Amino acid sequence: MNALDDILRGVREDVASRRKHRPEAEVREQALARGAGRDCVPLLRRGPRVRVIAEVKRASPSRGPLAEIRDPAALAADYAAGGAAAVSVLTEGRRFAGSLADLEAVSARVDVPVLRKDFVVDPYQVWEARAYGAELVLLIVAALGRTRLAELVALSREAGLTPLVEVHDEAEAEHAVAVGARVIGVNARDLTTLEVERGTFARVAPHIPGDLVRIAESGVRGPGDVAAYARAGADAVLVGEALVTHGDPRTAVSGLLSAPCV
């Protein structure tokens, strides 16, 4: 069993447990009561600068504990004040120490779009994302077959969410394009081994049409990496570890935004 398989096993167990305590119909009703979120595509498209999606991330399977983050909403507010275009919130609890409570708190605090970042494999999780305030939801091609991916992309839009479809190679990028994804993230971290290869984005990005939003995920240590991703065609970068371990998240975000785009 590789790292991704192990994570997905735990995710499915946790979804089954939550469903027992709260029926899907109830979660769906709460999600629909919120109404549709914003179309996040234009908000993430590159302008004079590459956009930054700043992440609330306490831990990771590759690094273990990263930061305590007692007040995720306050951290998110600092990110937004530093210029983040969106905030990503890890909600997976076993390996990332996240929660839906974090998502709800952050969504209530900031005006920028909030991404539910998790290993979404079940429609229940899509409805949860909107019910707890997200406007974006992560869908990982490696965790979903092509049919399931297409189903969850469509359901995300029905729930009022913008799906961010994550890929790791050229074939997955082509799958994402084929199911109509408008925002595609290229993750430099191989989820089966947890190793990072920073050249992944530059290799995969040409397989994503330029009219779609292309997001570089993982491997950002500072403005130099942002500039490299910009040269390779990134509209935005998703950054977690470098921000939560910095000590001054507002300054850290604004520093990333200082990276040249050309």
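Fair warning: this is a prediction, and the values are worked out from it, not measured in the lab.

### Some remarks on the packing of helix α1 (residues 3–21) against helix α6 (residues 123–131)
Working step 1: Direction vectors running N to C along α1 and α6 enclose 70°, while the axes themselves pass 10 Å from each other. Compared by their axis directions, α1 and α6 come out roughly perpendicular. For α1 against α6, the interelement crossing comes out left-handed. Across from Val11, Val15, Arg18 and Arg19 in α1, the residues of α6 making contact are Tyr124, Gln125 and Glu128.

### Looking at helix α4 (residues 72–81)
Working step 1: Every buried residue belonging to α4 is among Pro72, Ala73, Leu75, Ala76 and Tyr79, and all of these are buried. Down the axis of α4, the buried side of the element spans an arc of 160°, and every buried residue falls inside it.
Working step 2: Looking at the packing, one finds that the buried side of α4 touches β1 (51–56), β4 (86–90), α5 (100–109), α11 (241–244) and α12 (249–257).

### Describing the pairing of strand β6 (residues 136–140)
Working step 1: Across the five residues of β6, five count as buried, placing the element largely inside the fold.
Working step 2: Here β6 shows no split at all, with Leu136, Leu138 and Ile140 on one side and Val137 and Leu139 on the other all buried.
Working step 3: Pairing between strand β5 (residues 114–117) and β6: two bridges, direction parallel. In the strand pairing of β6, Arg116 is matched with Val137.
Working step 4: Viewed along the sheet, the connection from β5 through α6 into β6 turns out right-handed.
Working step 5: Pairing between β6 and strand β7 (residues 162–167): five bridges, direction parallel. When the sheet's bridge partners are listed, Leu136 is paired in β7 with Thr162.
Working step 6: Viewed along the sheet, the connection from β6 through helix α7 (residues 146–158) into β7 turns out right-handed.

The rules behind the values
- Residues numbered from 1 in each chain as written.
- Predicted model: local features only at pLDDT ≥ 70, side-chain atom pairs only at ≥ 80, totals over all residues.
- Heavy atoms only, no water.
- Axes fitted to C-alpha atoms, helices over the stretch in contact; angles between N-to-C directions.
- Helix = DSSP H or I, 4+ residues; strand = E, 2+ residues; numbered from the N terminus.
- Parallel < 35°, antiparallel > 145°, perpendicular 65-115°, else oblique.
- Left-handed = near helix turned anticlockwise from the far one by under 90°.
- Contact = heavy atoms within 4.5 Å.
- Buried < 20%, exposed > 50% of the residue type's maximum accessible area, 1.4 Å probe, protein only.
- Arc of directions from axis to C-beta.
- Pairing = 2+ DSSP bridges.
- Right-handed = clockwise from strand over helix to strand, strands pointing away.

Read these as layout, nothing more, since geometry by itself doesn't imply function.
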